[in-house]
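Spelled out from the first residue to the last, the chains are:
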Amino acid sequence: MSDYAPSTKFADQAVGKAALYDEAAADHEGFWAARAREYVTWSKDFDTTLDWSDAPFAKWFVGGELNVAYNCVDRHVEAGNGDRVAIHFVSANDDDDRAITYAEMQREVAKAANGLASLGVEKGDRVAIYMQMIPETIFTMLACARIGAPHSLVFAGFSADALRARIDDADAKIVVTSDGQFRKGKAMPLKKAVDDAVAGTSAKKVLVVKRTGIDVAWNDDRDVWWDDVVTPASDTHEAVAHDSEHPLFLLYTSGTTGKPKGILHTTGGYLVQCAYSNAVVHDLHPETDVYWCTADIGWVTGHSYIVYGPMANGATQIVFEGTPDSPHKGVFWEIVQKYGVSILYTAPTAIRTFMKWGHDIPEGYDLSSLRVLGSVGEPINPEAWRWYREHIGGGDTPIVDTWWQTETGAIMNSPLPGVTELEPGSSQAPIPGIHAEVLDDDGNKLTDPDAVGYLVLTKPWPAMLRGVWRDPQRYKDTYWSRFGPDLYFAGDGAKYDEKGNIWILGRVDDVMNVSGHRMSTAEIESALVSHDKVAEAAVVGATDPTTGQAIEAFVILRQDAADAADSADEGGELVTELRNHVATQIGPIAKPRSIMIVSELPKTRSGKIMRRLLKDVAENREVGDVTTLADSSVMSLIQDGMKSSG
Ligand code: ATP
Ligand code: MG
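Residue positions are given per chain, counted from 1 along the sequence in the order it is written. Written order determines the labels here, with chains lettered from A and ligands numbered from 1. Given that this is a predicted model, residues contribute local features only at a pLDDT of at least 70 and side-chain atom pairs are listed and counted only at 80 or more, while totals for whole chains, interfaces and linings are drawn from all residues. Side-chain descriptors were evaluated using all non-hydrogen atoms of the structure, hydrogens and water having been removed beforehand.

J.: Sorry if this is basic, but what is going on with the environment of Lys59 here?
T.: By secondary structure assignment, the location of Lys59 is in strand 2 (residues 59–62). Any pair of residues with heavy atoms lying within 4.5 Å of one another is described as a contacting pair. Those residues in contact with Lys59 that lie beyond four places of it in its chain are Thr49, Leu50, Asp51 and Glu245. Numbering of helices and strands runs from the N terminus, with a helix taken as a DSSP run of H or I at least four residues long and a strand as a DSSP run of E at least two residues long.

Right, dumping it as structure tokens:
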């Protein structure tokens, strides 16, 4: 047990101390007012910490004014840290890796701000950004923040239709994109999707970064090159202060439970919680750490934990353009070794993929610089957690499993690595300043450690969403009506264990009811992953005439097991073995009705499993909204497999 308590050595140097919990419990608003003044430089101090009089519409740090770009860049230069590397850009192309200091960042952001302004972008205008993991994406985001023009990032990889819907919804004035992007050593078109998306929309200008040099179609009235507008622009730009509640960005959720929602975040509270949580949860020491969050910038994790939190803190970080398997399956570990990465923040889907590939790959590299590991995006199966700790963390590195959402803006539940005794598979407890509880159907706090309930946030928090873009009713209905007008319903099923840790059990929409028993997808999936032949699993409840719902499982095997299964054709036996394994791990009731061995699972661009699509397949329905799926061919493979096995 105490294997997972922090070492004294780690605890002594940790940023996040136990005293923070006491301070937050004593005075919620006082705690956040102190963090706001500790982590952020205000051009004008705020006079009211929280205005909740119009709940659920919150105002934080009322009367305060600040500029986010100034906080993320200029103030570090003013403090004498201009020579510190802000970004080690690791390219997916041969040799254009590039280190960008904070002083250079200041000039690049100023140029981008001047360039956008010359195209008519003013405070309040929306800017759509459809661009991959390149420095220009960060320059553009910070330039928007500087001007006060809210950005809306759209994953470079979404279809033209998905992009068009987001441009339309936000009434974006301009789209920033690149000619193309490098994928697995090849230049792929990107601007083409913009050409297909913008016609007839509010976007009258398209600003294009030349990244690959591939041929692009050109519309002289509309398209402008970054090199003609931004590169020659002045490298100074005066930052004006914006109101604490000025909109900072719009971002759509991943769409794992339905059509994505346009989530609105504002300036002051968001920046405060991002910076604070990045410091205490990731234990960031900006003078010495090399930090790497592997998320795509187009996902909320990239917004909060590549751009805003770490840069507000003056971190040195890796920005990686490529994918974990290109040019080879050890590329992550090669980067860790080369740059001496000390903090790594990634997703369970990546960890399970590394597990599938086998631990001999990371073993070929020196990973001793790593001192904090993080996980975000889905529940991490205890087996994957242990693998991460053992094979990446050298057996003793703290892992912070962070639960949060696009809507929460920043980390909500997580251990503090210098304080908490870790529990593999659980994000454990709200961080200091956050209030989360698991409630039953009637809104009472759960007491029975075996009961399944709902995760609810019981007090407003600074980085909370301020609404669903132009849809206040949907905001109230989705989040603030299930348990009452000031209780935030997160949509996730959860439970407590005997020690009071909170376990996330998957989406409420995904909770299954088998012969009157409520079963969680996460628990059954973790039971499957705990079998030594399984790398990944997804479980759904399909309508069943006798049991109400029946459990259908989809399983990806670890590489060696997959090879063996292929040669011995032992598929049928393996399925029996796995069903029995779940029965012994959880109970006979949890035994899947069927298990299908697949080579891929449907996932969003941010790596989350889309169970609702599997459910459509299991129930023989036409599959629903697939616009946020990373690879749409996965669904037809699975559907074909279902037909041949059923
Ligand atoms: P949509 O709301 O459109 O269905 P989404 O919820 O997948 O999309 P995100 O905001 O990116 O979009 O994801 C937040 C969700 O991810 C959480 O509600 C939770 O279900 C899951 N999640 C994130 N981190 C964790 C974690 N550490 N442990 C368990 N679940 C997590
Ligand atoms: Mg959600």
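J.: How should I be thinking about unusual backbone geometry in this particular structure?
T.: Among all residues except glycine, the phi angle is most often negative; among peptide bonds, the trans geometry is most common. Cis geometry is adopted by the peptide bond preceding Pro56, which originates at Ala55 and carries an omega value of 5 degrees. Positionally, Pro56 belongs in the loop between strand 1 (48–51) and strand 2. Phi is positive for Gln428, which is not a glycine, with a value near 70 degrees. Looking at the secondary structure, you find Gln428 in the loop between strand 20 (399–402) and strand 21 (436–439).

J.: Can you help me understand the sheet that holds strand 25 (residues 502–507) in this one?
T.: Any two strands are treated as partners once DSSP identifies two or more bridges connecting them. A sheet is described by the order of its strands in space; here four strands give the open sequence 21-22-24-25, paired in antiparallel fashion. The open sheet has two edge strands, strand 21 and strand 25, and neither has a second partner. Adjacent strand axes in the sheet meet at a mean angle of 45 degrees when their direction is disregarded. Where helix 17 (residues 521–529) meets the sheet, it contacts strand 24 (488–496) and strand 25, and its direction lies at approximately 100 degrees from that of strand 25. The axes are straight lines fitted to the C-alpha atoms, using for helices just the contacting stretch, and the angles between their N-to-C directions are given from 0 to 180°.

J.: Where do I start with the site of ligand 1 in this structure?
T.: Working definition: residue near molecule or strand if any one of its non-hydrogen atoms lies within 4 Å of it. Close contacts around ligand 1 come from 21 residues, with Thr253, Thr256, Thr257, Thr402 and Thr406 the closest. Definition of a polar contact: a pair of N or O atoms within 3.5 Å, with one able to donate and the other able to accept a hydrogen when the atoms are protein atoms, and with sequence-neighbouring residues admitted only if both atoms are side-chain atoms. Here an oxygen atom of ligand 1 sits 2.8 Å away from a polar atom, N or O, in the side chain of Ser254. Interatomic distance of 3.3 Å between a backbone N/O atom of Glu378 and a nitrogen atom of ligand 1. Per-residue accessibility takes into account occlusion by the displayed protein chains alone, with areas from the Shrake-Rupley method and a 1.4 Å probe. The protein chains hide 96% of the 640 Å² of surface that ligand 1 would expose on its own. Its atoms largely coinciding with the cavity grid, ligand 1 occupies the second largest pocket. Breaking the shell around ligand 1 down by element, the ones donating at least two residues are strand 20 and strand 25. Each residue is assigned to one class: nonpolar for Ala, Val, Leu, Ile, Met, Phe, Trp, Tyr, Cys and Pro, charged for Asp, Glu, Lys and Arg, and polar for all the others, Gly among them. In terms of residue class, the shell around ligand 1 is made up of five nonpolar, nine polar and seven charged. Only protein atoms enter the 1 Å grid, on which a cavity is a set of points fitting a 1.4 Å probe that cannot get out and a pocket is an open set with protein on both sides within 12 Å along at least 5 of 7 lines, lining residues being those with an atom within 4 Å of a point. By definition, a pocket or cavity contains a molecule when more than half of the molecule's atoms lie within 2 Å of the pocket's grid points.

J.: What is the right way to look at the UniProt feature "domain: Acetyl-coenzyme A synthetase N-terminal" (unreviewed entry) in the protein chain in this model?
T.: UniProt positions are given in the numbering used here, feature names are shortened, and annotations may be inferred rather than shown by experiment. UniProt tags residues 19–72 as "domain: Acetyl-coenzyme A synthetase N-terminal" (unreviewed entry). Helix makes up 46% of residues 19–72 and strand makes up 19%, while its end C-alpha atoms are separated by 27 Å.

J.: What's the story with the layout of surface pockets in this structure? I'm lost.
T.: Sizing a probe to match a water molecule and rolling it over the atoms shows the empty space that remains. In this structure, the second largest pocket encloses a volume near 770 Å³. For the lining of the second largest pocket, the element with the highest residue contribution is strand 24, accounting for four residues. For the lining of the second largest pocket, a count of residues per class yields 15 nonpolar, 18 polar and 13 charged. Grid points are joined across faces, edges and corners, and a volume is the space filled by probe spheres set on the points.

J.: Could you clarify how one ought to interpret the state of the cysteines in this entry?
T.: Each disulfide is one covalent bond, formed between the sulfur atoms of two cysteines. Disulfide assignment relies on a single distance test, namely cysteine sulfur atoms paired within 2.5 Å. Across all of its chains, the model carries zero disulfides by this definition. Distance from the sulfur of Cys144, which forms no disulfide, to the nearest cysteine sulfur (Cys72) is 13 Å. Unpaired in this structure, Cys274 has its nearest cysteine sulfur neighbour in Cys72, at a distance of 9.0 Å.

J.: How do you make sense of the nonpolar core when you look at a structure like this?
T.: Across soluble globular proteins, nonpolar side chains have a tendency to be buried as a group. Grouped together as the largest cluster of nonpolar side chains are 137 residues, with contacts concentrated most on Met105, Ile138, Leu142, Leu207 and Tyr308. Among the elements that make up this core, the one with the highest residue count is helix 10 (residues 268–281) (nine residues). Those residues in contact with Ile138 that sit more than four places away from it in its chain are Ile87, Met105, Ile297, Ile306, Val307, Met311 and Val319. The next biggest cluster of nonpolar side chains, apart from the first, holds 51 residues, and it includes Phe320, Val534, Ala537 and Leu574. What we call a nonpolar core is a set of buried Ala, Val, Leu, Ile, Met, Phe, Trp, Tyr and Cys residues that are connected through their side-chain atoms within 4.5 Å. In this scheme, a residue with accessible area under 20% of its type's maximum is buried, one over 50% is exposed, and one in between is partly exposed, where area comes from a 1.4 Å probe on protein chains only.

J.: Looking at this model, I keep getting lost on the packing of aromatic side chains. Mind explaining?
T.: Where two aromatic rings form a pair, the distance of their centres and the angle of their planes describe that pair. Only centres within 6.5 Å qualify two rings of Phe, Tyr or Trp (six-membered ring in Trp) as a pair; their planes then separate them into stacked at under 30 degrees, edge-to-face at over 60, and tilted for everything else. Here the structure, examined in full by the defined rule, presents 33 aromatic pairs. For the pair Tyr270 and Tyr308, a centre-to-centre distance of 5.7 Å together with 80 degrees between the ring planes defines the contact as edge-to-face. Here Tyr308 lies in helix 11 (residues 300–312) and Tyr270 lies in helix 10, a separation of 38 residues in the sequence. Across this residue pair, the class does not change: Tyr270 and Tyr308 are buried. Three or more aromatic residues joined by ring pairs make a cluster, and in this case those are Trp52, Phe57, Trp461, Tyr475, Tyr479, Trp480 and Tyr488. The positively charged end of Arg35 is found above the aromatic ring belonging to Phe31, 4.6 Å away from the centroid. A cation sits over an aromatic face here: Lys210 above Trp225, 4.7 Å from the ring centre. In this scheme, Lys NZ or Arg CZ marks a charge over a ring once it lies within 6 Å of the ring centre and within 35 degrees of the ring normal.

J.: Any chance you could explain empty space enclosed by the protein here in plain terms?
T.: Overall, the coordinates contain four cavities of 30 Å³ or more when judged by the stated rule. Size it by volume and the largest cavity reaches roughly 120 Å³. As for the largest cavity, its lining consists of 15 residues, of which Phe155, Phe158, Tyr252, Thr253 and Gly298 are closest to the centre. Of the residues belonging to the lining of the largest cavity, the class tally is seven nonpolar, six polar and two charged. In this structure, the second largest cavity encloses a volume near 60 Å³. Contributing to the lining of the second largest cavity are Arg352, Glu378, Pro379, Asn381, Ala522, Glu525, Ser526, Ala537, Ile609 and Arg611. Looking at which element gives the most residues to the lining of the second largest cavity, the answer is helix 17, with three residues. Its residues assigned to classes, the lining of the second largest cavity shows four nonpolar, two polar and four charged.

J.: Looking at this model, I keep getting lost on helix 5 (residues 102–118). Mind explaining?
T.: The periodicity of an α-helix, 3.6 residues per turn, causes residues three or four places apart in sequence to face the same way. The first and last C-alpha atoms of helix 5 sit 24 Å apart over 17 residues, in line with the 24 Å expected at 1.5 Å per residue. Turning to helix 5, its buried residues are Tyr102, Ala103, Met105, Val109, Ala110, Lys111, Ala112, Ala113, Asn114, Gly115 and Leu116. Phi turns positive one or two residues past the end of helix 5, at Gly120, with a value near 95 degrees. An expected span of 1.5 Å times one less than the residue number is assigned to each helix.

J.: Explain the pairing of strand 9 (residues 180–183) here, please?
T.: Taken residue by residue, a regular strand's side chains alternate between the two faces of the sheet. Direction of pairing for strand 9 relative to strand 10 (residues 186–189): antiparallel, over a ladder of four bridges. Considered in strand 10, the bridge of Gln181 is made with Met188. With antiparallel pairing between neighbouring strands as the criterion, strand 9 and strand 10 make up a hairpin whose turn holds two residues, including Lys184 at a positive phi of roughly 50 degrees.

J.: Is there a simple way to explain the sheet that holds strand 6 (residues 127–130) in this structure?
T.: Strands belonging to one sheet form pairs held by backbone hydrogen bonds; the direction of such a pair is parallel or antiparallel. The sheet built from eight strands is open, its strands ordered 12-11-8-6-7-14-15-23 with mixed pairing. The open sheet is flanked by strand 12 (223–225) and strand 23 (467–468), the only strands paired with a single partner. Of the pairings in the sheet, the one linking strand 6 to strand 7 (residues 151–153) comprises three bridges and is parallel in character. Note that in strand 7 the partner of Ala128 across the bridge is Ser152. Against the sheet, helix 7 (residues 160–170) engages strand 6, strand 8 (174–178) and strand 14 (247–252), with an angle of about 145 degrees to strand 14. Seen against the sheet, helix 11 touches strand 7 and strand 14 and runs at an angle of roughly 140 degrees to strand 14.

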